Amino acid sequence: MIRIGIVGLGYWGPNLVRCFSDIENCKVTAVCDQNYDQLLRIKDRYPGVYPIEDFDALLDRDLVDAVVIATPTVSHHQLALKALQHDLHVFVEKPLAKTVNECRELVEVAEQRNRTLFVGHVFLHASPVIKLREMIEADELGSINYISSRRLNLGPVREDVSALYDLAPHDISMMLYLLGQNPISVACSGFDRLTPGIHDVCNLTMTFEGNRIGMVHVSWLDPRKERVLTVVGDKRMVVYDDLEQEKIKVFDKGIDKPKNASGDFADFQLAYRCGGSYSPFIEEREPLKAECQEFIRCVAERDVPVTDGVNGLRVVEVLDAADRSLKMGGIPIEMATGTPVSGGVR
Ligand SMILES: NC(=O)c1ccc[n+]([C@@H]2O[C@H](COP(=O)([O-])OP(=O)(O)OC[C@H]3O[C@@H](n4cnc5c(N)ncnc54)[C@H](O)[C@@H]3O)[C@@H](O)[C@H]2O)c1
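Residues numbered from 1 in each chain as written. Predicted model: local features only at pLDDT ≥ 70, side-chain atom pairs only at ≥ 80, totals over all residues.

Things to note about the overall build of the protein
Keep this limit in mind: Each helix corresponds to a stretch of at least 4 residues labelled H or I by DSSP, and each strand to a stretch of at least 2 residues labelled E; elements are numbered beginning at the N terminus. Atoms considered for the radius of gyration are the C-alpha atoms alone. The globule rule reads 2.2 Å times the number of residues to the power 0.38. Between the buried cut of 20 or more and the exposed cut of 12 or fewer other C-beta atoms within 10 Å of a residue's own C-beta lies the partly exposed class, and all C-beta atoms are placed from the backbone. Residues are treated as contacting if the C-beta atoms built from their backbones sit within 7 Å of each other.
Counting its secondary structure elements, the protein contains 9 helices and 15 strands. Over its C-alpha trace the protein gives a radius of gyration of 21 Å, about what one expects of a compact globule, namely 20 Å for 346 residues. For the protein, the spread of C-alpha atoms along the principal axes amounts to about 80 × 45 × 40 Å. Counting only residues that meet the buried cut, the protein has 42% of its 346 residues in that class. A fraction of 69% describes how many contacts in the protein between residues 6 or more apart in sequence connect residues 24 or more apart.

Next up, the structure:
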């Protein structure tokens, strides 16, 4: 039985307490938050858990085998590092940490200590995204031209990190996973209307090898909630709308150039393909619960997660490059090539 301690019981942490409490092979034995009211709230609903305000005190007692960190991003590195140094397995909410160097250190220490370091890129555990990846690998969509995504809503506004760091990790992690590679360059523009230096709206463009593009639009200053990712292949196109009942819709649509076009304008006719659409069967399961189960499985079987520390590092490398681009007026930033997207495989 793996004993779990959940740290940070604000907006997101209670969801993790609920999911881990429902899973076999593990038991939530402790919860930690420096805000006493948050602790009391959880203690009322889960009387069996040990509430503790001080994270260091949690580490010094033999209460847990693994910690789940759902505190604000700026604290991820310090808390995760301490937990790894106490030989605990660690699940950190996205993004893994604020800087690339912090992420590198966590990856190194997890490796030295032989502990599981798992990042909360929850969509890589969502059935629609796994289905999309299977379709791409089976060449059902053809060669991928671009992927675009919109993650918009009115709030919740953060003051510690920008909409880029708060929202885009989901889209970046999905695009890297779907394409199976890291971008070769990153450009980002946006604006900070509410808090100086904290961007409310960002437009990120990632360029991948083979002239493939990933475009991400994130905002917490938008009238409508949207969670849409579109994959455009030259055989088929797919729209994944996370707010719909039928989450994936495959379109037999495209525009083909005639193979024997001479280049003469009269000879050059584009062929529009406007076939039907369908929604493939997708296994229904809660992504967050699937993610928690995968963490427990990886700890129990000593397996490397797809969302491991390396994967968390790759996403923060993109965020870091995007942030630099944002500060330099949107110029493209070159990225290191040939690095793996993750240490784990699916
Ligand atoms: N996967 C998702 O879809 C998703 C959704 C929302 C938030 N998140 C992530 O979850 C994390 C938390 O976000 P949130 O919205 O719940 O934040 P929040 O501000 O609502 O809650 C954070 C909690 O952590 C506590 N805390 C802060 N520092 C602490 C410390 N050193 N020791 C103990 N407790 C501490 C605070 O008291 C607070 O209760 C962030 O990393 C965020 O990106 C993920």
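We are not done yet, so read on.
With respect to the packing of helix H6 (residues 127-137) against helix H7 (residues 163-179)
Condition: Axis lines are fitted to C-alpha atoms, over the contacting stretch for helices. Their N-to-C directions set the angle, which ranges from 0 to 180 degrees. Note that the term roughly parallel is reserved for angles under 35 degrees, roughly antiparallel for angles over 145, roughly perpendicular for angles of 65 to 115, and oblique for everything else. Here a crossing is called left-handed whenever its near helix is offset anticlockwise from the far helix by less than a right angle, and right-handed whenever the offset is clockwise.
Following both chains from N to C, one finds H6 and H7 inclined at 30°, their axes separated by 9 Å at the closest point. Viewed along their axes, H6 and H7 adopt a mutual orientation that is roughly parallel. Both H6 and H7 take part in a crossing whose hand is right-handed. Only Met-174, Tyr-177 and Leu-178 of H7 make contact with H6, whose side of the interface consists of Val-129, Leu-132, Arg-133 and Ile-136.

Here's the deal with the site of the ligand
The test is simple: Here is the check we use: build the C-beta atom from the backbone, and if it is within 6 Å of the molecule or strand, call the residue near. Throughout this entry, Asp, Glu, Lys and Arg are counted as charged residues, while Ala, Val, Leu, Ile, Met, Phe, Trp, Tyr, Cys and Pro are counted as nonpolar. The remaining residues, Gly among them, count as polar.
In the vicinity of the ligand, 24 residues are found, and the nearest of them are Gly-8, Gly-10, Tyr-11, Trp-12 and Glu-93. Among the residues forming the shell around the ligand, the class breakdown is 10 nonpolar, 10 polar and 4 charged.

Thoughts on the domain arrangement of the protein
Note: interface size is frequently given as the accessible area lost on complex formation between the parts. Condition: Each domain's limits were defined by an automated method or a database of domain assignments.
What the domain assignment reports for the protein is domain 1 (2-121 + 289-301) and domain 2 (124-286 + 314-334). Spacing between the C-alpha centres of domain 1 and domain 2 amounts to 30 Å. Between domain 1 and domain 2, the contact holds 15 residues from the first and 14 residues from the second. Elements with a contribution of two residues or more to the side of domain 1 that touches domain 2: helix H5 (100-113) and helix H8 (287-301).

Notes on helix H4 (residues 76-85)
All of the buried residues in H4 are His-76, His-77, Leu-79, Ala-80, Ala-83 and Leu-84. Buried residues in H4 make contact with strand E1 (2-7), helix H3 (55-60), strand E4 (66-69), strand E5 (89-93) and H5.

Description of the sheet that holds strand E15 (residues 333-334)
Heads up, the condition is: At least two DSSP bridges between two strands are needed for those strands to be called paired.
Taking strand neighbours across the sheet as the criterion, the 9 strands line up as E14-E13-E12-E11-E7-E10-E9-E8-E15 in an open arrangement whose pairing is mixed. Looking at strand neighbours, the two that pair on one side only are strand E14 (271-278) and E15, the edges of this open sheet. The strands touched by H6 within the sheet are strand E7 (144-154), strand E11 (221-233), strand E12 (237-241) and strand E13 (248-256), with E12 carrying the most contacts at an inclination of about 170°.

Side note on the nonpolar core
Cut-off, in case you're wondering: The nonpolar core criterion groups buried Ala, Val, Leu, Ile, Met, Phe, Trp, Tyr and Cys residues into a set whenever they are joined through C-beta atoms within 7 Å.
Grouped together as the largest cluster of nonpolar side chains are 93 residues, with contacts concentrated most on Ile-6, Phe-20, Val-68, Ile-69, Val-90 and Leu-164. Here this core gets 12 residues from one element, more than from any other, and that element is H7. Looking at this core, you find at least three residues from each of domain 1 (2-121 + 289-301) and domain 2 (124-286 + 314-334). Other than its neighbours up to four places away in sequence, Phe-20 contacts Ile-4, Ile-6, Cys-26, Val-28, Val-68 and Cys-292.

Here we look at the sheet that holds strand E2 (residues 26-32)
Hydrogen bonds between backbone atoms are what pair the strands of a sheet, whose relative direction is either parallel or antiparallel. Strand order across the open sheet formed by 6 strands is E3-E2-E1-E4-E5-E6, with parallel pairing between neighbours. Two strands bound the open sheet, and with one partner strand each, they are strand E3 (50-52) and strand E6 (117-120). Across the sheet, the mean angle separating the axes of adjacent strands is 20° when strand polarity is ignored. Pairing analysis gives 4 bridges linking E4 to E5, with the strands arranged parallel. Residue pairing across strands places Val-68 opposite Phe-91, the latter belonging to E5.

Focus on the pairing of strand E10 (residues 212-219)
Sheet topology note: the E7/E10 ladder contains 7 bridges and is parallel. By the bridge assignment, Ser-148 is partnered in E10 with Met-215. Where strand E9 (residues 201-208) and E10 come together, 8 bridges link them in antiparallel fashion. Along E10, the bridge assignment pairs Val-201 with Ser-219. Turn length for the E9-E10 hairpin, with the two strands adjacent in sequence and antiparallel, is 3 residues, and the turn residue Gly-210 shows positive phi of about 80°.

So, unusual backbone geometry
The omega torsion across Lys-94 and Pro-95 is -15°, close enough to zero to call that bond cis. Counting through the fold element by element, Pro-95 comes out in the loop between E5 and H5. Across the junction of Gly-155 and Pro-156, the peptide omega takes the value -10°, indicating a cis bond. In this structure, Asn-25 is a non-glycine residue whose phi angle is positive, near 75°. Considering the arrangement of structural elements, one finds Asn-25 in the loop between helix H1 (13-21) and E2. A count of 11 C-beta atoms within 10 Å places Asn-25 in the exposed class.

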